2 protein chains.
Amino acid sequence: MSSDDLAPEDAVTETTDADRFTNARAIRSTALFEDYTELIADLTEEFGEARITDIARRLGVTHPTANKAVLRLKREGLAISRPYRGVFLTEAGVAMAKAVKARHRLVVRLLIAVGVPPEAAEMDAEGIEHYVSETTLKAFEAYLDGRD
Amino acid sequence: MSSDDLAPEDAVTETTDADRFTNARAIRSTALFEDYTELIADLTEEFGEARITDIARRLGVTHPTANKAVLRLKREGLAISRPYRGVFLTEAGVAMAKAVKARHRLVVRLLIAVGVPPEAAEMDAEGIEHYVSETTLKAFEAYLDGRD
DNA sequence: ACGGAAATGTAGCCGATGCTATATTTCAAA
DNA sequence: TTTGAAATATAGCATCGGCTACATTTCCGT
Ligand SMILES: [Mn+2]
Ligand SMILES: [Mn+2]
Ligand SMILES: [Mn+2]
Ligand SMILES: [Mn+2]
C-alpha cells in the first residue's frame, strides 16, 4: 500500500497520498463559492436579481450567513452589490457559475446513467460536483455519448 | 427551475434546494474524520500503530494540525491515545474506517469502469467518496456487477 | 405622506481547521 | 549513562462559516 513500492530510479512524478489530500482540501475551500455563484446565477435568471433573503432561503442558512459569504464573494471579485440592493455576478463570477452548472448537470446525468435514482443523484451531486476534475468530466462526456 | 412548479395539493414530501445544501454541509463536517480514521487504519495495519508524524505526513499537514484533529477524534470517541504514543481506533473508529474504505474503493472502481483514467479516479475519489449515499453506493455495486 | 413590516446590515460569539513558534518527552548512539 | 535529535505537545494566531441579537433601511398599504 505504501507509495514507494517498486520506486523507479528515474524522475517519474509520483502522486502521493499527501497530494490527493491537499487537492481535496484546496477544493473544499472553493466549493462554497461555487454553490453561491451557481445559485446567484439561477436567481438572477429567475427574478432579474439575487436578493440576500432568497439566497439564504435556498441555501438553508440564515441571512447573516449569506450576507457574510457575499462579502467574501465581493472581496474575491466574483460579485458586486450596493447596500440593501440585489447581488450580481462579475464576469469572473458568471464564468464560475457557468462551469459549475455544467459540471452539476453532467454529474447528475452520469449518476442516473449508471442506475442511481434521480432523487439520490440530485442529492449526492450537490457535494460530488465540486471534486470532479476536468479529466473526469471529459470521461463522463465520452461515456454518455458513446452509449445506447 | 423553481421547486414549487406544479405544486400538488396533497402531502408529498418535496426535496428542496435547501435540503440538498444542508445535506452537503452536514457531510462536509464529517469528511475530515472519515479521512483520519481511514488513514489511521492503514497506518496501524502497516506499522502496528499510527504515529502523529506519519499521519501528518500522509495528509500533507503539519503535525500540530494532526495532533489537534486527533484530540477531536478522541473527544468524539473514534480514537484513543496516550501522550507521546501512537494513536489507535476505537470500535466506532474501526467501523467508520471500514465503511469509508469500502466506499473509497467502490468509487474508484466505478470511475474507472466509466472510463476515468486510474490516476484521476484516485485523485477525485478522495473528495467524492464522502458524498456518496447508501442508495448511490448500491447502484454502483449493481452497475459493476451487471456489466461485462 | 407615513408608519410598520420586511429586508438588509452589523456586532459579536463559537467551533473547526489550518499555521508558526516553542516546550517537553522519548529514544538511540556514543 | 549521558545527551542530542526526533517526535510529540501546547500556545497562540488567523480565517471560515455557522449562529443570535440588534440596528438600519426600504417599500408597501392605508
Ligand atoms: Mn454543490
Ligand atoms: Mn450545484
Ligand atoms: Mn477523502
Ligand atoms: Mn479515502
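Note that the structure is a prediction, hence the values are computed from the model and not measured.

Reading the values: rules and limits
Residues numbered from 1 in each chain as written. Chains lettered and ligands numbered in written order. Predicted model: local features only at pLDDT ≥ 70, side-chain atom pairs only at ≥ 80, totals over all residues. Heavy atoms only, no water. Phe/Tyr/Trp six-rings, centres within 6.5 Å; stacked < 30°, edge-to-face > 60°. Helix = DSSP H or I, 4+ residues; strand = E, 2+ residues; numbered from the N terminus. Buried < 20%, exposed > 50% of the residue type's maximum accessible area, 1.4 Å probe, protein only. UniProt positions renumbered as here; feature names shortened; annotations may be inferred. Contact = heavy atoms within 4.5 Å. Buried area = accessible area lost by both parts, 1.4 Å probe. Salt bridge = Lys/Arg side-chain N within 4 Å of Asp/Glu carboxyl O. Nonpolar A, V, L, I, M, F, W, Y, C, P; charged D, E, K, R; others polar. Least-squares fit on C-alpha atoms with pLDDT ≥ 70 in both. Donors = N, O, S within 2.8 Å, 3.2 Å for Na, K, Ca; no water.

A. Representation of the packing of aromatic side chains. Following the criterion strictly, the structure yields two aromatic pairs over all chains and no others. When the ring of Tyr131 of chain A is compared with that of Tyr131 of chain B, the centres are 5.8 Å apart and the planes differ by 25°; the resulting orientation is stacked. Of this pair, Tyr131 of chain A sits in the loop between α5 (118–128) and α6 (134–145) while Tyr131 of chain B is found in the loop between α5 (118–128) and α6 (134–145), placing the two residues in two different chains. Across the pair, exposure class does not vary: Tyr131 of chain A and Tyr131 of chain B are buried alike.

B. Representation of the UniProt feature "domain: HTH dtxR-type" (unreviewed entry) in chain A. According to UniProt, the positions carrying the feature "domain: HTH dtxR-type" (unreviewed entry) are residues 34–90 of chain A. Helix makes up 61% of residues 34–90 of chain A and strand 11%, with an end-to-end C-alpha separation of 14 Å.

C. Focus on the interface of chain B and chain A. In this complex, chain B contributes 43 residues to the contact, which on the side of chain A involves 43 residues. The contact between chain B and chain A buries some 3,700 Å² in all, and 64% of this surface belongs to carbon and sulfur atoms. Per-residue buried area on chain B facing chain A is highest for Arg20, Phe21 and Met123 of chain B; these three make up 16% of the total on that side. Across the pair Glu126 of chain B and Arg20 of chain A runs a salt bridge whose closest N-O atoms are separated by 2.8 Å. For the side of chain B that touches chain A, the elements supplying multiple residues, two or more each, are α1 (17–47), α2 (52–59), α4 (91–113), α5 and α6 of chain B. The leading source of residues in the side of chain B that touches chain A is α1 of chain B, at 12 residues. When its residues are assigned to classes, the side of chain B that touches chain A shows 19 nonpolar, 11 polar and 13 charged.

D. Representation of the relation of the copies chain B and chain A within the structure. When chain B is fitted to chain A, the residual RMSD is 0.1 Å, and the transformation amounts to a turn of 180° plus an axial shift of 0.0 Å. Considering both components of the superposition, the chain copies are consistent with a two-fold axis. In terms of C-alpha distance to the rotation axis, chain B has Ile128 of chain B as its closest residue, with the C-alpha 2.5 Å off the axis. Here 100% of the interface residues in chain B have copies in chain A that are interface residues too; the copies meet face to matching face.

E. Quick peek at the coordination of the manganese ion (ligand 2). Residue and element names in this part refer to chain A. The protein atoms that coordinate the manganese ion (ligand 2) are Glu38 (OE), His104 (ND1), Glu126 (OE), Glu129 (OE) and Glu129 (OE), at distances spanning 2.2 to 2.7 Å. Each donor residue of the manganese ion (ligand 2) belongs to the same chain, with the gaps between them written as E-x65-H-x21-E-x2-E. A separation of 3.7 Å is found between the manganese ion (ligand 2) and the manganese ion (ligand 1), both of which receive a donor from Glu126. Placement of the pair is Glu38 in helix α1 (residues 17–47) and Glu129 in the loop between α5 and α6, with a sequence separation of 91 residues. The same class applies to Glu38 and to Glu129, which are both buried.

F. Region of interest: the coordination of the manganese ion (ligand 3). At this site the manganese ion (ligand 3) is bound by Asp35 of chain B (OD), Glu126 of chain B (O), Glu126 of chain B (OE), Glu129 of chain B (OE) and His130 of chain B (NE2), with donor distances of 2.0 to 2.3 Å. Along the chain, the residues donating to the manganese ion (ligand 3) fall in the pattern D-x90-E-x2-E-H.

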